[in-house]
Amino acid sequence: MKKLIISISIVIVVALIAFFGICLLSSQTELTADRNHGQLCDLPIINEPVYVMAAPGLQFKMDTGADFSAITKRDLAYLDSLGYKIEELTYPVFGRNGRGDLAFHTKRYRVSIPTYRYTTSKDSLGNTLYTPIEGTLNVLHNVDFVPALTEFSVLGVDFLEKFKMEFKCDKRMIALHFEEPEGYIPCAKLNISYAPDKLLWLGNRYYIKAAVERHPNNFFIDTGLYKAMIKMPENKKSITRNQLYNDTVTSLRGKYPAYTDTDAWISIGDREGVYYAFYYDNDEEDYALNPINIYNQDVLIDFPGKELKLRPYTTTIPRKLRY
């Protein structure tokens, strides 16, 4: 019996050491920029869900649901052809990738990424064109990536949480800042989950308190949500008396039947209004929202300050889906 107790104790101690060892893993600890004041760069949104362009020929999926950033061999070769530094490291990483799959990596790349500021214009078909502004090249150094298991590169939450991330609504661009841009007012606080299962992942999981039809919950901030503004589990659709429409929600995880409420009363921080709520189930977070889909105005997701902020005005026409 004594030997059994000793053996079990050893197993528990080893498991605890392994658990806390994984929790102490880090990323983006050496990240710097050539110009580290004011706005660092623009990242034009070129496709949905949020795919952004760092530089012509260099695109990333911007995903707060991905615990680590990842880069494809194609993009590594492209950066190498431009003469940018690439360093290969051995460092264990565990978490969700850009598709939401759990993955373990031992290899990591430390890469320099060119970024720019952009002007916008429209072509004859109404498409937005983005042109780099001369003299605005700002290279981000020592950006950590794992090898991508997908056909696209990803800027995960390990990278995004280092910045104050601004959504420029009219221009459809994401801007990254170390310092807060002017003109924003607080809307709601962000919080991080410290549940044991969340601590295992490399990146933090950011949440915001919100209410749908006066029913509050903690919603995961997920820029990977495509069509959905606010996601709720299907069994919560009974909270609304509004008409629900049959719908289908598509993500990189697959297609899911959904019920959509086009007149849901939503409260986020000190703001309330009518938005779309989507009720469906998959193997991702039960409650999630995408601020970029919700607001028709400029938005600041201040990860270091753990706060969501808005400009006190909007110049855009509210989006309406057809059913």
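Since the model is a prediction, treat every value here as computed from it, not as a measurement. (Residues numbered from 1 in each chain as written. Predicted model: local features only at pLDDT ≥ 70, side-chain atom pairs only at ≥ 80, totals over all residues. Heavy atoms only, no water.)

## Structural notes on the overall build of the protein
Then, in step 1: A count of helical and extended segments in the protein gives 5 helices and 23 strands.
Then, in step 2: Across the 323 residues that make up the protein, the buried fraction comes to 50%.
Then, in step 3: For the protein, long-range pairs separated by at least 24 residues make up 67% of all intrachain contacts whose partners lie at least 6 apart in sequence.
Then, in step 4: As displayed, the protein has an accessible area near 15,800 Å², and 55% of this comes from carbon and sulfur atoms. (Helix = DSSP H or I, 4+ residues; strand = E, 2+ residues; numbered from the N terminus. Buried < 20%, exposed > 50% of the residue type's maximum accessible area, 1.4 Å probe, protein only. Contact = heavy atoms within 4.5 Å. Areas by Shrake-Rupley, 256 points an atom, 1.4 Å probe, with all protein chains shown as cover.)

## So, the pairing of strand β19 (residues 254-268)
Every other side chain in a regular strand lies on the same face of the sheet, so the side chains alternate between the two faces.
Then, in step 1: Two strands pair when backbone bridges link them, and strand β15 (residues 206-212) and β19 are joined in this way by 3 bridges, in the antiparallel orientation. Of the residues in β19, the one forming a bridge with alanine 211 is serine 267.
Then, in step 2: Linkage of strand β18 (residues 244-251) to β19, two consecutive antiparallel strands, is achieved through a turn of 2 residues.
Then, in step 3: Sheet topology places β19 next to strand β20 (residues 271-279); 8 bridges connect them, and they run antiparallel. By the bridge assignment, serine 267 is partnered in β20 with glutamate 272.
Then, in step 4: In sequence, β19 turns back onto β20 through a hairpin of 2 residues, with glycine 269 there showing a positive phi of about 60 degrees. (Pairing = 2+ DSSP bridges.)

## Regarding the pattern of salt bridges
Then, in step 1: Scanning the entire structure with this criterion turns up 17 salt bridges.
Then, in step 2: Aspartate 144 is paired through a salt bridge with arginine 110; the nearest N and O atoms lie 2.7 Å apart. Note that aspartate 144 is positioned in strand β10 (residues 138-147) and arginine 110 in strand β7 (residues 102-115), a separation of 34 residues in sequence. This pair shows no difference in class: aspartate 144 is buried, exactly as arginine 110 is. (Salt bridge = Lys/Arg side-chain N within 4 Å of Asp/Glu carboxyl O.)

## Some thoughts on the nonpolar core
Then, in step 1: Formed by 75 residues in total, the largest nonpolar core has its most connected members in Ile174, Val212 and Ile268.
Then, in step 2: Residues within four places of isoleucine 268 in sequence aside, it is in contact with Cys187, Ala188, Ile208, Lys209, Ala210, Leu289, Ile294, Tyr295 and Leu308.
Then, in step 3: Membership of the second largest hydrophobic core comes to 6 residues, among which are Phe68, Val93, Ala103 and Val146. (Core = buried A, V, L, I, M, F, W, Y, C linked by side-chain atoms within 4.5 Å.)

## Some points on the packing of aromatic side chains
Then, in step 1: Following the criterion strictly, the structure yields 10 aromatic pairs and no others.
Then, in step 2: Aromatic pair phenylalanine 60 and phenylalanine 145: ring centres 5.9 Å apart, planes at 15 degrees, arrangement stacked. With phenylalanine 60 in strand β4 (residues 58-62) and phenylalanine 145 in strand β10, the pair connects residues that are 85 residues apart, well separated along the chain. As far as the burial class goes, phenylalanine 60 and phenylalanine 145 line up, both buried.
Then, in step 3: Ring plane angle 90 degrees and centroid distance 5.5 Å describe the contact between phenylalanine 219 and tyrosine 287, whose orientation is recorded as edge-to-face. One end of the pair, phenylalanine 219, is in strand β16 (residues 215-221); the other, tyrosine 287, is in the loop between β20 and β21 (288-289), with 68 residues separating them in the sequence.
Then, in step 4: When its relative accessible area of 0% is taken as the criterion, phenylalanine 219 is described as buried.
Then, in step 5: Assessed through its relative accessible area of 15%, tyrosine 287 is described here as buried.
Then, in step 6: When the ring centre of tyrosine 259 is taken as origin, the NZ or CZ atom of lysine 237, which lies over that ring, is 5.0 Å away. (Phe/Tyr/Trp six-rings, centres within 6.5 Å; stacked < 30°, edge-to-face > 60°. Lys NZ or Arg CZ within 6 Å of the ring centre and 35° of its normal.)

## Let's talk about the environment of tyrosine 78
Then, in step 1: Looking at where tyrosine 78 falls in the secondary structure, it is placed in helix α2 (residues 73-81).
Then, in step 2: Residue classification places tyrosine 78 among the partly exposed positions, given a relative accessible area of 28%.
Then, in step 3: Taking the C-alpha atoms as reference points, tyrosine 78 and glycine 57, 21 residues apart in sequence, are found 8.1 Å from one another.
Then, in step 4: Ignoring anything within four residues of it in the chain, the contact list for tyrosine 78 reads Pro56, Gly57 and Leu58.

## Things to note about unusual backbone geometry
Note on backbone geometry: most residues besides glycine have negative phi, and most peptide bonds are trans.
Then, in step 1: Of note in the backbone geometry, glutamate 213 takes a positive phi value of approximately 50 degrees without being a glycine.
Then, in step 2: Mapping glutamate 213 onto the fold places it in the loop between β15 and β16.
Then, in step 3: Here the phi dihedral of arginine 214 falls at roughly 70 degrees; this positive angle occurs in a residue that is not glycine.
Then, in step 4: You can see arginine 214 is positioned in the loop between β15 and β16.
Then, in step 5: Among the residues examined, arginine 214 registers a relative accessible area of 57% and is labelled exposed.

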